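Working through the structure, step by step
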Amino acid sequence: MDFADPFHTSEAMLAVIEMKKYRWASPGVDYEEILQSKLKIIPEAKRLDSIAKDHAKAVSGGMFFTTPDQFDTIVTRLETTQYEFNKHRNLLLK
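About the cut-offs
- Residues numbered from 1 in each chain as written.
- Predicted model: local features only at pLDDT ≥ 70, side-chain atom pairs only at ≥ 80, totals over all residues.
- Heavy atoms only, no water.
- Helix = DSSP H or I, 4+ residues; strand = E, 2+ residues; numbered from the N terminus.
- Expected span 1.5 Å × (residues − 1).
- Buried < 20%, exposed > 50% of the residue type's maximum accessible area, 1.4 Å probe, protein only.
- Arc of directions from axis to C-beta.
- Contact = heavy atoms within 4.5 Å.
- Polar contact = N/O pair within 3.5 Å; in protein donor to acceptor, adjacent residues only side chain to side chain.

Digging into helix α1 (residues 11–22)
With 12 residues, α1 should cover 16 Å at 1.5 Å per step; its first-to-last C-alpha distance of 17 Å lies within 8% of that length. Along α1, the residues classified as buried are Met13, Ile17 and Lys21. Along α1, the residues classed as buried sweep out an arc of 65° about the axis, all on the same side. The exposed residues of α1 that point more than 90 degrees off its buried face are Glu11 and Tyr22. Those residues of α1 that are buried are in contact with α2 (31–35) and α4 (71–93).

Structural data, given as structure tokens:
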């Protein structure tokens, strides 16, 4: 079975966004921004700082079976994903 290319197939993505928007919306998520190539994975700085502190406590508290990536590494990966999604979504809009 072949899977659709997530960056170049918009039909399923649009269906999921519509379903989430009307049936299972998440507080604080603006689904129209996603459609406009403005997906936000990284929260504002104050919230991100709080998450970083929580991550550090979890690491020092031994909450992982293996050593997790550094928080900055995780955020960088998320920033890259956010950028790539918005870039490709923007290309679909043209």
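Digging into the side chain of Ser37
Residue position: Ser37 is located in the loop between α2 and α3 (45–60). By relative accessible area, Ser37 is classed as buried at 11%. A polar contact of 3.0 Å, which involves the side chain of Ser37, links it to the backbone nitrogen of Asn90. When near neighbours in sequence (up to four residues on either side) are disregarded, Ser37 contacts Asn86, Arg89, Asn90 and Leu93.

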